[in-house]
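The lines below spell out each chain.
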Amino acid sequence: MSKRQILEYLLETNTSVSVPQMCVSLLMALVLGIFIYIIYRATYRGTLYSKNFNLTLILIVLITTVVMMIIGTNLALSLGMVGSLSIIRFRTAIKEPRDIAFLFWAVSIGLACGSEFYLAGVLGSVLIGVVLAVANLDLYDSVSFLLVVRGQEGALDLDGVQAAVKARTRTAKLRMRSRSAGSDEVTFELRLKSKYEHELVEAVRACAGVDSVNLVSYSGESIG
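We now turn to the structure provided with this report. (Residues numbered from 1 in each chain as written. Predicted model: local features only at pLDDT ≥ 70, side-chain atom pairs only at ≥ 80, totals over all residues. Heavy atoms only, no water.)

Some points on the side chain of T64
Step number 1: Among the structural elements, T64 can be located in helix α3 (residues 51-71).
Step number 2: On the basis of relative accessible area, T64 is assigned to the buried category, the value being 14%.
Step number 3: With sequence-adjacent residues up to four places away left out, T64 is seen in contact with V107, G110 and L111. (Helix = DSSP H or I, 4+ residues; strand = E, 2+ residues; numbered from the N terminus. Buried < 20%, exposed > 50% of the residue type's maximum accessible area, 1.4 Å probe, protein only. Contact = heavy atoms within 4.5 Å.)

Shown next, in the form of C-alpha cells:
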C-alpha cells in the first residue's frame, strides 16, 4: 500500500461529515471553549479559583463536539454511545451551582458545534456572557454575612459597634450576644455589597474594646 493510499484511508470517514467540516467544527468549539474559559475566570467570585476546572470546560466542549461528529445520524451508534457513557461515574463534588451551569454550557456548545449549529452556539454564548457580565457588576446584589465581634469583658463598646455596622450595611440584626470568662462576643446578621467588606471590618475594629473581628459569608469566605 502506497503512502497516498494510506493517507486516503486515514482521512476516509464513515459519516456524511467531510474532513474540512470536522476541522471547522473543532475550530469553532475551541474558540467558544476559550470564550467560556475567559468568562468563567472574569466572573468567578468563589473562595478559591480552580484553573484545572476551567481548562476542563474547554476539554468538555471539544470532547462533546467529537462525540457528536462520531454519532452523526447513526441511531444504533448513538444508543451504543449512551450505553458506554452510562458506566462513567463522576466522583468530584460540585460545590457551586454556578459551576454546574458552566458544565451544561460547555456540553451545549459541544452539541451545537458537533451538529454544525454554529449560529446557535455563538448567539447563545454571547447572551450568556452578557448576562454573567451584568450580574457580576453587583449593582443591586448584596451578600449575606455573619459578623462576629469579640472584645474585653465590660470594655466592648456595643453601641459604637452597632453604629458602625448600621452605617455601612443595608440591613443588620443582632443575632447573639454572649459573655465568657474575660470576654464578650456579639454576632450580627447583615447584608452589604462585597466591595464594602474591608471598610466594614476596619470601622468595627476601630471601636473601643474590640479585640477581633470576623466577617463570614454563607459561601464560607472569611475576612477578619
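What to know about the pattern of salt bridges
Step number 1: Under the defined criterion, the tally for this structure stands at five salt bridges.
Step number 2: Across the pair R168 and E199 runs a salt bridge, and its minimum N-O distance is 3.7 Å. Here R168 is found in the loop between α7 (158-167) and β2 (171-180), whereas its partner E199 is found in helix α8 (residues 197-205), with 31 residues between them in sequence. (Salt bridge = Lys/Arg side-chain N within 4 Å of Asp/Glu carboxyl O.)

So, unusual backbone geometry
Step number 1: A positive phi angle, near 70 degrees, is found at E116, a position not held by glycine.
Step number 2: Mapped onto the elements, E116 comes out in the loop between α5 (97-114) and α6 (118-135).
Step number 3: What makes E116 partly exposed here is its relative accessible area of 32%.

Points about the environment of F35
Step number 1: In this fold, F35 is placed in helix α2 (residues 19-43).
Step number 2: On the accessibility criterion, F35 (29% relative accessible area) is partly exposed.
Step number 3: Here the alpha-carbon distance between F35 and V122, two residues 87 residues apart in the chain, equals 9.9 Å.
Step number 4: In contact with F35, not counting residues within four places along its chain, are W105, S125, V126 and G129.

Looking at α5
Step number 1: Under the 1.5 Å per step criterion, the end-to-end length of α5 is 26 Å for 18 residues, consistent within 8% with the ideal 26 Å.
Step number 2: Within α5, the full set of buried residues consists of D99, F102, W105, A106, I109, G110, A112, C113 and G114.
Step number 3: Elements in contact with the buried residues of α5: α2, α3 and α6.
Step number 4: Looking one or two residues beyond α5, the residue adopting positive phi is E116, at roughly 70 degrees. (Expected span 1.5 Å × (residues − 1).)

Some remarks on the packing of α2 against α5
A pair of packed helices is characterised by two quantities: the angle between their axes and the separation of those axes.
Step number 1: Between α2 and α5, whose axes approach to 9 Å, the crossing angle comes to 165 degrees. For the element pair α2 / α5, the angle class is roughly antiparallel. Between α2 and α5 lies a crossing whose hand is right-handed. Side by side, α2 and α5 meet where S25, M28, A29, L32, F35, I36, I39, Y40 and T43 of the first sit next to R98, D99, F102, W105, A106, I109 and C113 of the second.
Step number 2: Its residues assigned to classes, the contact of α2 with α5 shows 12 nonpolar, two polar and two charged. (Axes fitted to C-alpha atoms, helices over the stretch in contact; angles between N-to-C directions. Parallel < 35°, antiparallel > 145°, perpendicular 65-115°, else oblique. Left-handed = near helix turned anticlockwise from the far one by under 90°. Nonpolar A, V, L, I, M, F, W, Y, C, P; charged D, E, K, R; others polar.)

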